[in-house]
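This is what each chain is made of:
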Amino acid sequence: MQCQELEQVLEQWSPGSLSPEASAHLEACANCRALVSDLEAIQEAAGRLGQEDLKLAPPAHLWVNLRAQLEAEGLIRKSREEKERVTAGWFGVWWGGISRPALAGAYVALLLVAAVFVGLKSDFGPGASQQTAMLAAATASVNSELKDVESGAMKGLPKGDPDLSATLRHNLEVVDNFIALCEKSVREEPKSELAREYLYGAYQQKAELLSAMMDRGVPGE
Amino acid sequence: MMNSESPSKASLRTASLVAAGFVLLLASPAFAHRMEKHFTVNGRPVISVHSSHGRISVKSWKKAEVVVVGDHSSPKVEVDTEQAGNRIEVATHALNDNLTPAEMEANYEITVPEESELQIRTDSGVVVVERVYGDMVFDTVAANVQLEEVGGYLVVKTVGGSVVCTRCLGRIDVNSISGNVELLQPQMENVHVQTSSGNILFDGDFLRRGIYILKNYSGVIEVRFSDTDSFDLTATSMKGTVENQAKLKPDPHGRRFNAPQQAKSLFGTFNEGHAKVDLSSYSGTIRIRKRE
(Lines give C-alpha, C1' and ligand atoms only; values in the text may rest on other atoms or scores of the structure.)
Protein backbone atom coordinates (compact mmCIF):
# COMPACT_ATOMS: atom_id res chain seq x y z
CA MET A 1 0.00 0.00 0.00
CA GLN A 2 1.23 3.50 -0.83
CA CYS A 3 0.73 6.69 1.17
CA GLN A 4 -1.93 8.02 -1.20
CA GLU A 5 -3.95 4.82 -0.87
CA LEU A 6 -3.74 5.04 2.88
CA GLU A 7 -5.02 8.61 2.81
CA GLN A 8 -8.10 7.33 0.97
CA VAL A 9 -8.55 4.61 3.58
CA LEU A 10 -8.28 7.20 6.33
CA GLU A 11 -11.21 9.15 4.92
CA GLN A 12 -13.43 6.30 6.16
CA TRP A 13 -11.29 5.61 9.19
CA SER A 14 -12.29 4.93 12.74
CA PRO A 15 -10.00 3.65 15.52
CA GLY A 16 -9.31 -0.06 15.24
CA SER A 17 -10.76 -0.32 11.74
CA LEU A 18 -7.54 -0.42 9.70
CA SER A 19 -6.94 -3.32 7.37
CA PRO A 20 -3.81 -5.47 7.76
CA GLU A 21 -2.36 -3.81 4.61
CA ALA A 22 -2.90 -0.36 6.06
CA SER A 23 -1.43 -1.43 9.39
CA ALA A 24 1.61 -2.85 7.64
CA HIS A 25 2.09 0.38 5.75
CA LEU A 26 1.80 2.38 8.96
CA GLU A 27 4.44 0.20 10.54
CA ALA A 28 6.86 1.20 7.79
CA CYS A 29 5.91 4.83 7.14
CA ALA A 30 6.68 7.51 9.71
CA ASN A 31 4.72 10.21 7.88
CA CYS A 32 1.50 8.21 7.75
CA ARG A 33 1.94 7.29 11.39
CA ALA A 34 2.20 10.99 12.18
CA LEU A 35 -0.99 11.60 10.21
CA VAL A 36 -2.86 8.86 12.07
CA SER A 37 -1.48 10.17 15.34
CA ASP A 38 -2.88 13.61 14.51
CA LEU A 39 -6.26 12.13 13.63
CA GLU A 40 -6.33 10.21 16.89
CA ALA A 41 -5.42 13.36 18.82
CA ILE A 42 -8.23 15.29 17.14
CA GLN A 43 -10.70 12.52 17.82
CA GLU A 44 -9.60 12.30 21.44
CA ALA A 45 -9.90 16.06 21.90
CA ALA A 46 -13.33 16.03 20.32
CA GLY A 47 -14.34 13.21 22.63
CA ARG A 48 -13.31 15.26 25.64
CA LEU A 49 -15.72 18.02 24.74
CA GLY A 50 -18.38 17.40 27.32
CA GLN A 51 -21.80 18.90 27.59
CA GLU A 52 -20.45 21.87 29.55
CA ASP A 53 -18.08 22.72 26.71
CA LEU A 54 -20.86 22.52 24.20
CA LYS A 55 -22.87 25.03 26.17
CA LEU A 56 -20.13 27.63 25.81
CA ALA A 57 -20.71 30.39 23.32
CA PRO A 58 -18.00 30.78 20.65
CA PRO A 59 -15.45 33.48 21.51
CA ALA A 60 -16.28 36.95 20.26
CA HIS A 61 -13.16 37.21 18.13
CA LEU A 62 -14.24 34.30 15.96
CA TRP A 63 -17.25 36.30 14.85
CA VAL A 64 -15.09 39.39 14.31
CA ASN A 65 -12.70 37.46 12.10
CA LEU A 66 -15.39 35.63 10.24
CA ARG A 67 -17.10 38.91 9.58
CA ALA A 68 -13.83 40.54 8.46
CA GLN A 69 -13.25 37.66 6.06
CA LEU A 70 -16.75 37.90 4.62
CA GLU A 71 -16.30 41.62 4.14
CA ALA A 72 -12.92 41.17 2.53
CA GLU A 73 -14.50 38.81 0.04
CA GLY A 74 -17.26 41.31 -0.62
CA LEU A 75 -20.01 39.06 0.67
CA ILE A 76 -21.24 41.50 3.31
CA ARG A 77 -20.73 45.20 3.98
CA LYS A 78 -20.85 47.35 7.07
CA SER A 79 -21.32 51.03 7.75
CA ARG A 80 -18.35 53.37 8.13
CA GLU A 81 -19.36 54.14 11.70
CA GLU A 82 -19.45 50.49 12.61
CA LYS A 83 -16.18 49.89 10.80
CA GLU A 84 -14.45 52.66 12.75
CA ARG A 85 -15.82 51.44 16.05
CA VAL A 86 -14.78 47.86 15.45
CA THR A 87 -11.35 48.69 14.05
CA ALA A 88 -10.48 51.05 16.85
CA GLY A 89 -11.97 49.19 19.70
CA TRP A 90 -12.42 45.47 19.38
CA PHE A 91 -8.89 44.49 20.15
CA GLY A 92 -8.67 46.89 23.06
CA VAL A 93 -11.90 45.57 24.46
CA TRP A 94 -10.69 42.05 23.97
CA TRP A 95 -7.44 42.71 25.78
CA GLY A 96 -9.15 44.74 28.46
CA GLY A 97 -11.31 41.74 29.25
CA ILE A 98 -8.39 39.46 29.89
CA SER A 99 -7.97 39.13 33.59
CA ARG A 100 -4.97 36.83 33.36
CA PRO A 101 -2.20 38.26 31.21
CA ALA A 102 -0.67 34.82 30.87
CA LEU A 103 -3.48 33.99 28.49
CA ALA A 104 -2.54 36.80 26.16
CA GLY A 105 -0.37 34.66 23.91
CA ALA A 106 -3.09 32.13 23.39
CA TYR A 107 -5.63 34.77 22.49
CA VAL A 108 -3.31 36.51 20.08
CA ALA A 109 -2.38 33.19 18.51
CA LEU A 110 -6.05 32.45 17.92
CA LEU A 111 -6.50 35.84 16.34
CA LEU A 112 -3.52 35.23 14.13
CA VAL A 113 -4.79 31.86 13.04
CA ALA A 114 -8.04 33.45 12.01
CA ALA A 115 -6.67 36.63 10.49
CA VAL A 116 -3.58 35.40 8.68
CA PHE A 117 -3.56 31.67 8.14
CA VAL A 118 -7.17 30.87 7.45
CA GLY A 119 -7.77 34.11 5.59
CA LEU A 120 -4.81 33.86 3.28
CA LYS A 121 -4.50 30.19 2.59
CA SER A 122 -7.80 29.83 0.84
CA ASP A 123 -7.20 29.21 -2.84
CA PHE A 124 -10.71 30.06 -3.89
CA GLY A 125 -12.42 33.40 -4.09
CA PRO A 126 -10.22 36.42 -4.49
CA GLY A 127 -7.74 36.66 -7.31
CA ALA A 128 -4.01 37.18 -6.92
CA SER A 129 -4.10 40.95 -6.58
CA GLN A 130 -6.96 40.82 -4.12
CA GLN A 131 -5.14 38.15 -2.15
CA THR A 132 -2.03 40.35 -2.01
CA ALA A 133 -4.13 43.24 -0.76
CA MET A 134 -5.75 41.01 1.87
CA LEU A 135 -2.35 39.86 2.95
CA ALA A 136 -1.08 43.41 3.32
CA ALA A 137 -4.18 44.41 5.25
CA ALA A 138 -3.96 41.39 7.53
CA THR A 139 -0.28 41.94 8.35
CA ALA A 140 -0.89 45.64 8.99
CA SER A 141 -3.81 44.79 11.24
CA VAL A 142 -1.90 42.16 13.21
CA ASN A 143 1.09 44.50 13.57
CA SER A 144 -1.10 47.29 14.80
CA GLU A 145 -2.77 45.05 17.35
CA LEU A 146 0.52 43.65 18.58
CA LYS A 147 1.93 47.17 18.81
CA ASP A 148 -0.89 48.17 21.15
CA VAL A 149 -0.25 45.22 23.39
CA GLU A 150 3.49 45.86 23.24
CA SER A 151 3.00 49.41 24.39
CA GLY A 152 1.14 48.24 27.50
CA ALA A 153 3.65 45.45 28.15
CA MET A 154 6.62 47.83 27.92
CA LYS A 155 5.07 50.22 30.43
CA GLY A 156 4.60 47.39 32.88
CA LEU A 157 8.18 46.09 32.75
CA PRO A 158 9.62 45.80 36.26
CA LYS A 159 11.70 48.94 36.80
CA GLY A 160 13.59 47.48 39.73
CA ASP A 161 15.04 44.73 37.57
CA PRO A 162 16.98 46.33 34.70
CA ASP A 163 18.56 43.03 33.61
CA LEU A 164 15.21 41.32 33.25
CA SER A 165 13.78 44.28 31.37
CA ALA A 166 16.83 44.38 29.09
CA THR A 167 16.50 40.67 28.32
CA LEU A 168 12.85 41.06 27.42
CA ARG A 169 13.53 44.14 25.30
CA HIS A 170 16.41 42.44 23.50
CA ASN A 171 14.27 39.44 22.66
CA LEU A 172 11.49 41.68 21.47
CA GLU A 173 13.97 43.26 19.07
CA VAL A 174 14.99 39.79 17.87
CA VAL A 175 11.41 38.83 17.13
CA ASP A 176 10.59 42.19 15.53
CA ASN A 177 13.59 41.75 13.28
CA PHE A 178 12.35 38.35 12.15
CA ILE A 179 8.88 39.68 11.59
CA ALA A 180 10.30 42.40 9.34
CA LEU A 181 12.37 39.86 7.39
CA CYS A 182 9.46 37.46 7.02
CA GLU A 183 7.08 40.21 5.93
CA LYS A 184 9.58 41.15 3.26
CA SER A 185 9.73 37.52 2.12
CA VAL A 186 5.95 37.31 1.98
CA ARG A 187 5.77 40.53 -0.02
CA GLU A 188 8.36 39.17 -2.44
CA GLU A 189 6.77 35.71 -2.65
CA PRO A 190 3.12 36.11 -1.71
CA LYS A 191 2.29 32.60 -2.87
CA SER A 192 5.00 30.94 -0.80
CA GLU A 193 3.36 28.92 1.94
CA LEU A 194 6.72 28.53 3.62
CA ALA A 195 7.19 32.30 3.82
CA ARG A 196 3.69 32.68 5.26
CA GLU A 197 4.36 29.90 7.72
CA TYR A 198 7.48 31.63 9.00
CA LEU A 199 5.69 34.94 9.25
CA TYR A 200 2.86 33.34 11.17
CA GLY A 201 5.38 31.65 13.46
CA ALA A 202 7.14 34.96 14.09
CA TYR A 203 3.86 36.66 15.01
CA GLN A 204 3.11 33.79 17.33
CA GLN A 205 6.54 34.13 18.96
CA LYS A 206 5.91 37.81 19.53
CA ALA A 207 2.52 37.09 21.06
CA GLU A 208 4.10 34.54 23.39
CA LEU A 209 6.81 37.00 24.34
CA LEU A 210 4.32 39.79 25.04
CA SER A 211 2.38 37.36 27.17
CA ALA A 212 5.54 36.60 29.16
CA MET A 213 6.24 40.33 29.52
CA MET A 214 2.74 41.05 30.78
CA ASP A 215 2.99 38.11 33.12
CA ARG A 216 6.19 39.46 34.65
CA GLY A 217 5.08 43.07 34.53
CA VAL A 218 3.92 45.34 37.30
CA PRO A 219 0.15 45.16 37.64
CA GLY A 220 -1.70 48.36 37.04
CA GLU A 221 1.07 50.11 35.14
CA MET B 1 48.38 19.30 84.93
CA MET B 2 45.88 21.95 84.11
CA ASN B 3 46.79 24.96 81.99
CA SER B 4 46.43 28.18 83.84
CA GLU B 5 45.40 31.27 81.88
CA SER B 6 44.91 34.79 83.10
CA PRO B 7 41.35 36.20 82.96
CA SER B 8 42.42 38.91 80.51
CA LYS B 9 43.88 36.33 78.10
CA ALA B 10 40.74 34.22 78.31
CA SER B 11 38.58 37.25 77.60
CA LEU B 12 40.79 38.15 74.66
CA ARG B 13 40.51 34.63 73.25
CA THR B 14 36.72 34.64 73.66
CA ALA B 15 36.49 38.03 72.02
CA SER B 16 38.65 36.78 69.11
CA LEU B 17 36.43 33.73 68.63
CA VAL B 18 33.28 35.84 68.69
CA ALA B 19 34.81 38.29 66.19
CA ALA B 20 35.91 35.46 63.90
CA GLY B 21 32.44 33.97 64.05
CA PHE B 22 30.92 37.31 63.26
CA VAL B 23 33.22 37.78 60.27
CA LEU B 24 32.33 34.30 59.02
CA LEU B 25 28.67 35.08 59.41
CA LEU B 26 29.04 38.25 57.38
CA ALA B 27 31.09 36.44 54.75
CA SER B 28 28.29 33.92 54.09
CA PRO B 29 25.14 35.95 53.66
CA ALA B 30 23.58 33.18 51.56
CA PHE B 31 22.88 31.25 54.73
CA ALA B 32 21.43 34.17 56.60
CA HIS B 33 17.92 32.83 56.15
CA ARG B 34 17.69 29.09 55.73
CA MET B 35 14.64 26.91 55.96
CA GLU B 36 14.06 23.18 55.63
CA LYS B 37 10.65 21.58 55.29
CA HIS B 38 9.63 17.93 55.00
CA PHE B 39 6.42 16.75 53.38
CA THR B 40 5.12 13.20 53.31
CA VAL B 41 3.52 12.32 49.95
CA ASN B 42 2.00 9.38 48.14
CA GLY B 43 2.59 8.12 44.62
CA ARG B 44 3.34 10.90 42.18
CA PRO B 45 3.39 14.29 43.89
CA VAL B 46 3.25 17.59 42.05
CA ILE B 47 5.89 20.11 43.09
CA SER B 48 5.38 23.69 42.02
CA VAL B 49 8.19 26.22 42.47
CA HIS B 50 7.70 29.90 41.79
CA SER B 51 10.78 32.07 42.18
CA SER B 52 12.48 35.06 40.57
CA HIS B 53 16.23 34.69 40.81
CA GLY B 54 18.64 32.06 41.98
CA ARG B 55 19.38 28.39 41.62
CA ILE B 56 16.73 25.72 41.79
CA SER B 57 18.06 22.21 42.06
CA VAL B 58 15.80 19.17 42.08
CA LYS B 59 17.01 15.63 42.69
CA SER B 60 15.21 12.39 43.36
CA TRP B 61 15.34 9.70 45.97
CA LYS B 62 13.40 6.55 46.78
CA LYS B 63 11.52 7.94 49.78
CA ALA B 64 7.88 9.06 49.64
CA GLU B 65 8.89 12.42 50.97
CA VAL B 66 9.63 15.86 49.56
CA VAL B 67 12.31 17.93 51.26
CA VAL B 68 12.67 21.61 50.45
CA VAL B 69 15.75 23.49 51.59
CA GLY B 70 15.69 27.16 50.74
CA ASP B 71 18.05 29.95 51.57
CA HIS B 72 18.07 33.62 50.83
CA SER B 73 20.14 36.53 52.03
CA SER B 74 17.60 39.30 52.23
CA PRO B 75 15.18 39.74 55.15
CA LYS B 76 12.81 41.36 52.67
CA VAL B 77 11.76 38.01 51.23
CA GLU B 78 10.50 34.80 52.72
CA VAL B 79 9.99 31.30 51.43
CA ASP B 80 6.41 30.09 51.47
CA THR B 81 5.62 26.40 51.34
CA GLU B 82 2.27 24.74 51.34
CA GLN B 83 1.02 21.21 51.00
CA ALA B 84 -2.41 20.39 49.67
CA GLY B 85 -2.72 16.64 49.40
CA ASN B 86 -0.08 15.47 46.98
CA ARG B 87 0.71 18.96 45.76
CA ILE B 88 3.58 20.93 47.27
CA GLU B 89 3.91 24.61 46.46
CA VAL B 90 7.10 26.55 47.05
CA ALA B 91 7.38 30.27 46.38
CA THR B 92 9.73 33.14 47.06
CA HIS B 93 7.53 35.81 48.53
CA ALA B 94 8.54 39.50 48.55
CA LEU B 95 7.66 41.27 51.77
CA ASN B 96 8.18 44.73 50.26
CA ASP B 97 7.57 46.25 46.86
CA ASN B 98 10.37 47.27 44.53
CA LEU B 99 13.00 44.82 45.67
CA THR B 100 16.23 44.51 43.71
CA PRO B 101 17.05 41.24 41.96
CA ALA B 102 19.73 40.57 44.59
CA GLU B 103 17.19 40.98 47.34
CA MET B 104 14.77 38.65 45.55
CA GLU B 105 17.38 35.92 45.11
CA ALA B 106 16.66 32.58 46.72
CA ASN B 107 18.28 29.21 46.19
CA TYR B 108 16.48 25.90 46.54
CA GLU B 109 17.61 22.32 46.97
CA ILE B 110 14.59 20.09 46.56
CA THR B 111 14.52 16.34 46.91
CA VAL B 112 11.52 14.51 45.52
CA PRO B 113 10.29 10.97 44.80
CA GLU B 114 11.46 9.72 41.39
CA GLU B 115 8.09 9.96 39.68
CA SER B 116 7.27 13.51 40.72
CA GLU B 117 5.68 16.06 38.46
CA LEU B 118 7.43 19.45 38.41
CA GLN B 119 6.16 22.92 37.56
CA ILE B 120 8.96 25.46 37.82
CA ARG B 121 8.79 29.11 37.00
CA THR B 122 11.63 31.55 37.50
CA ASP B 123 13.15 34.56 35.78
CA SER B 124 16.91 34.22 36.00
CA GLY B 125 19.51 31.92 37.45
CA VAL B 126 19.61 28.23 36.74
CA VAL B 127 17.28 25.27 37.07
CA VAL B 128 18.90 21.85 37.44
CA VAL B 129 16.88 18.65 37.52
CA GLU B 130 18.42 15.20 37.83
CA ARG B 131 16.85 11.75 37.71
CA VAL B 132 13.22 12.70 38.03
CA TYR B 133 10.78 10.78 35.84
CA GLY B 134 7.52 12.68 35.81
CA ASP B 135 6.03 15.33 33.54
CA MET B 136 7.68 18.74 33.86
CA VAL B 137 6.92 22.31 32.86
CA PHE B 138 9.57 25.04 32.99
CA ASP B 139 8.84 28.69 32.35
CA THR B 140 11.81 31.07 32.50
CA VAL B 141 12.95 34.39 31.09
CA ALA B 142 16.73 34.15 31.25
CA ALA B 143 17.25 31.17 33.52
CA ASN B 144 19.13 28.27 32.00
CA VAL B 145 17.52 24.85 32.27
CA GLN B 146 19.75 21.80 32.74
CA LEU B 147 18.06 18.42 32.71
CA GLU B 148 19.91 15.19 33.24
CA GLU B 149 18.42 11.71 33.06
CA VAL B 150 14.89 12.94 33.36
CA GLY B 151 11.82 11.45 31.71
CA GLY B 152 8.19 12.15 30.97
CA TYR B 153 6.59 14.90 28.97
CA LEU B 154 8.96 17.86 29.28
CA VAL B 155 7.77 21.32 28.31
CA VAL B 156 10.27 24.17 28.40
CA LYS B 157 9.30 27.73 27.63
CA THR B 158 12.10 30.25 27.93
CA VAL B 159 12.70 33.68 26.48
CA GLY B 160 16.48 33.71 26.44
CA GLY B 161 17.67 30.90 28.66
CA SER B 162 19.54 27.93 27.28
CA VAL B 163 18.31 24.37 27.56
CA VAL B 164 20.60 21.37 27.91
CA CYS B 165 18.95 17.98 28.16
CA THR B 166 21.30 15.06 28.71
CA ARG B 167 20.14 11.44 28.48
CA CYS B 168 16.51 12.48 28.68
CA LEU B 169 13.61 10.11 28.00
CA GLY B 170 10.07 10.50 26.75
CA ARG B 171 8.91 13.59 24.97
CA ILE B 172 10.09 17.21 24.90
CA ASP B 173 8.62 20.45 23.65
CA VAL B 174 10.93 23.49 23.79
CA ASN B 175 10.03 27.02 22.78
CA SER B 176 12.55 29.83 23.06
CA ILE B 177 13.36 33.15 21.45
CA SER B 178 17.13 33.43 21.74
CA GLY B 179 18.14 30.46 23.84
CA ASN B 180 20.30 27.62 22.58
CA VAL B 181 18.95 24.10 22.89
CA GLU B 182 21.07 20.96 23.20
CA LEU B 183 19.68 17.45 23.36
CA LEU B 184 22.52 15.09 24.16
CA GLN B 185 22.13 11.30 23.99
CA PRO B 186 18.35 11.57 24.19
CA GLN B 187 16.09 8.53 24.13
CA MET B 188 13.04 10.49 23.10
CA GLU B 189 10.39 9.55 20.60
CA ASN B 190 8.77 12.94 20.25
CA VAL B 191 10.92 16.06 20.04
CA HIS B 192 9.67 19.49 19.09
CA VAL B 193 12.11 22.39 19.42
CA GLN B 194 11.56 25.91 18.19
CA THR B 195 13.82 28.88 18.80
CA SER B 196 14.10 32.15 16.92
CA SER B 197 17.79 32.99 17.01
CA GLY B 198 19.23 30.17 19.08
CA ASN B 199 21.19 27.14 17.93
CA ILE B 200 19.77 23.65 18.16
CA LEU B 201 21.87 20.52 18.59
CA PHE B 202 20.44 17.01 18.53
CA ASP B 203 23.10 14.41 19.23
CA GLY B 204 21.52 11.03 19.76
CA ASP B 205 19.53 8.17 18.30
CA PHE B 206 16.39 8.63 16.27
CA LEU B 207 14.03 6.10 17.75
CA ARG B 208 11.82 3.88 15.63
CA ARG B 209 8.46 5.65 15.18
CA GLY B 210 9.98 8.82 16.60
CA ILE B 211 9.07 12.29 15.37
CA TYR B 212 11.72 15.03 15.54
CA ILE B 213 10.82 18.57 14.54
CA LEU B 214 13.52 21.22 14.94
CA LYS B 215 12.95 24.76 13.76
CA ASN B 216 14.65 28.13 14.05
CA TYR B 217 14.86 31.43 12.20
CA SER B 218 18.60 31.97 12.32
CA GLY B 219 21.47 30.13 13.92
CA VAL B 220 22.53 26.55 13.38
CA ILE B 221 20.47 23.39 13.54
CA GLU B 222 22.75 20.40 13.81
CA VAL B 223 21.69 16.77 14.02
CA ARG B 224 24.17 13.94 14.37
CA PHE B 225 23.23 10.50 13.15
CA SER B 226 24.84 7.07 13.21
CA ASP B 227 24.94 4.36 10.52
CA THR B 228 22.25 2.39 12.32
CA ASP B 229 19.74 5.23 12.48
CA SER B 230 16.70 4.98 10.26
CA PHE B 231 14.71 8.07 9.31
CA ASP B 232 12.83 10.03 6.70
CA LEU B 233 14.41 13.46 6.46
CA THR B 234 13.10 16.80 5.34
CA ALA B 235 15.45 19.77 5.71
CA THR B 236 14.61 23.22 4.43
CA SER B 237 16.39 26.51 4.89
CA MET B 238 14.59 29.32 3.16
CA LYS B 239 17.46 31.76 2.99
CA GLY B 240 20.34 29.81 4.52
CA THR B 241 22.16 26.59 3.73
CA VAL B 242 21.79 22.86 4.23
CA GLU B 243 24.87 20.70 4.73
CA ASN B 244 24.29 16.96 4.61
CA GLN B 245 26.46 13.90 5.22
CA ALA B 246 23.66 11.33 5.12
CA LYS B 247 23.34 9.21 1.98
CA LEU B 248 19.65 9.57 1.37
CA LYS B 249 17.53 7.35 -0.86
CA PRO B 250 14.40 8.51 -2.66
CA ASP B 251 11.32 8.14 -0.52
CA PRO B 252 10.15 4.49 -0.78
CA HIS B 253 6.52 5.34 -0.06
CA GLY B 254 5.88 7.27 -3.24
CA ARG B 255 5.63 10.55 -1.40
CA ARG B 256 6.59 13.64 -3.33
CA PHE B 257 8.10 16.74 -1.85
CA ASN B 258 7.27 20.10 -3.31
CA ALA B 259 10.47 21.96 -2.66
CA PRO B 260 9.81 25.62 -1.98
CA GLN B 261 11.21 27.93 -4.61
CA GLN B 262 14.45 29.71 -3.68
CA ALA B 263 14.89 27.53 -0.60
CA LYS B 264 17.66 25.05 0.05
CA SER B 265 16.00 21.76 0.76
CA LEU B 266 16.64 18.07 1.11
CA PHE B 267 14.23 15.19 1.16
CA GLY B 268 14.89 11.48 1.39
CA THR B 269 15.18 8.34 3.44
CA PHE B 270 18.09 7.00 5.44
CA ASN B 271 17.98 3.21 5.90
CA GLU B 272 14.33 2.16 6.31
CA GLY B 273 12.91 5.51 7.32
CA HIS B 274 11.53 4.45 10.69
CA ALA B 275 11.63 7.91 12.24
CA LYS B 276 10.52 11.25 10.86
CA VAL B 277 13.00 14.12 11.04
CA ASP B 278 11.87 17.56 9.99
CA LEU B 279 14.41 20.39 10.12
CA SER B 280 13.60 23.90 9.03
CA SER B 281 15.25 27.27 9.30
CA TYR B 282 14.46 30.65 7.83
CA SER B 283 17.98 31.94 7.28
CA GLY B 284 20.11 29.63 9.37
CA THR B 285 22.38 26.72 8.59
CA ILE B 286 21.18 23.14 8.83
CA ARG B 287 23.83 20.49 9.35
CA ILE B 288 23.15 16.77 9.13
CA ARG B 289 26.34 15.21 10.37
CA LYS B 290 27.52 11.68 10.82
CA ARG B 291 28.52 11.05 14.40
CA GLU B 292 32.26 10.49 14.83
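Residues numbered from 1 in each chain as written. Chains lettered and ligands numbered in written order. Predicted model: local features only at pLDDT ≥ 70, side-chain atom pairs only at ≥ 80, totals over all residues.

1. Digging into the overall build of chain A
Part 1 of the reasoning: The secondary structure content of chain A amounts to 10 helices and 0 strands.
Part 2 of the reasoning: Taking all 221 residues of chain A together, the buried fraction comes to 28%.
Part 3 of the reasoning: Considering only contacts in chain A between residues 6 or more positions apart, those separated by 24 or more positions represent 69%. (Helix = DSSP H or I, 4+ residues; strand = E, 2+ residues; numbered from the N terminus. Buried ≥ 20, exposed ≤ 12 C-beta atoms within 10 Å, placed from the backbone. Contact = placed C-beta atoms within 7 Å.)

2. Description of the overall build of chain B
Part 1 of the reasoning: Of regular secondary structure, chain B possesses 2 helices and 24 strands.
Part 2 of the reasoning: Burial statistics for chain B: of 292 residues in total, 44% are counted as buried.
Part 3 of the reasoning: For chain B, the share of sequence-separated contacts (at least 6 apart) that also reach a separation of at least 24 residues comes to 48%.

3. Here's the deal with the pairing of strand 19 (residues 220–225) of chain B
Residues and elements named next belong to chain B.
Part 1 of the reasoning: Of the two faces of strand 19, only one is covered, namely that formed by Ile221, Val223 and Phe225; the face formed by Val220, Glu222 and Arg224 stays uncovered.
Part 2 of the reasoning: In this sheet, strand 19 lies alongside strand 17 (residues 200–203) in parallel orientation, the contact comprising 4 bridges. If you follow Asp203 over to strand 19, its bridge partner there is Arg224.
Part 3 of the reasoning: For strand 19 and strand 24 (residues 285–290), the ladder comprises 6 bridges, and the chain directions are parallel. By the bridge assignment, Phe225 is partnered in strand 24 with Lys290. (Pairing = 2+ DSSP bridges.)

4. Concerning the sheet that holds strand 6 (residues 87–94) of chain B
Residue and element names in this part refer to chain B.
Part 1 of the reasoning: The sheet built from 12 strands is open, its strands ordered 5-6-2-8-10-12-14-16-18-23-20-22 with mixed pairing. Since the sheet does not close on itself, it has two edges, and those belong to strand 5 (77–84) and strand 22 (264–270), each with one partner. Strand-to-strand twist of the sheet, defined as the mean angle between neighbouring strand axes without regard to direction, takes the value 5 degrees.
Part 2 of the reasoning: Taken together, the 7 bridges between strand 20 (residues 231–237) and strand 22 define a ladder with antiparallel strand orientation. Paired with Phe231 across the bridge in strand 22 is Phe270. (Axes fitted to C-alpha atoms, helices over the stretch in contact; angles between N-to-C directions.)

5. Regarding the packing of helix 9 (residues 162–188) of chain A against helix 10 (residues 193–216) of chain A
Residues and elements named next belong to chain A.
Part 1 of the reasoning: Remark: helix 9 packs on helix 10, axes separated minimally by 9 Å, with the N-to-C direction vectors making an angle of 160 degrees. One element, helix 9, and the other, helix 10, form an angle in the roughly antiparallel class. Pair helix 9 / helix 10 crosses with left-handed handedness. Of the residues in helix 10, those touching helix 9 at Leu164, Leu168, Asn171, Leu172, Val175, Phe178, Ile179, Cys182, Glu183, Ser185 and Val186 are Ala195, Arg196, Tyr198, Leu199, Ala202, Tyr203, Gln205, Lys206, Leu209, Met213 and Arg216.
Part 2 of the reasoning: Considered class by class, the residues forming the contact of helix 9 with helix 10 number 15 nonpolar, 3 polar and 4 charged. (Parallel < 35°, antiparallel > 145°, perpendicular 65-115°, else oblique. Left-handed = near helix turned anticlockwise from the far one by under 90°. Nonpolar A, V, L, I, M, F, W, Y, C, P; charged D, E, K, R; others polar.)

6. Points about the confidence of the model for chain B
Residues and elements named next belong to chain B.
Part 1 of the reasoning: For chain B, per-residue confidence averages 89 on the pLDDT scale, and 86% of positions sit at 70 or higher.
Part 2 of the reasoning: Below pLDDT 50 for its whole length, residues 22–30 participates in 4 contacts with residues either more than four positions away or in separate chains.
Part 3 of the reasoning: Scored as a whole, the predicted complex attains pTM 0.73, and scored at its interfaces, ipTM 0.83. (pLDDT = per-residue confidence, 0-100.)

7. Concerning the interface of chain A and chain B
In many analyses, interface size is given as the accessible surface area lost on bringing the parts together.
Part 1 of the reasoning: Between chain A and chain B, the contact holds 27 residues from the first and 32 residues from the second.
Part 2 of the reasoning: Per element, the largest residue contribution to the side of chain A that touches chain B is 9 residues, and it comes from helix 9 of chain A.
Part 3 of the reasoning: Taken together, the residues that form the side of chain A that touches chain B break down as 14 nonpolar, 8 polar and 5 charged.

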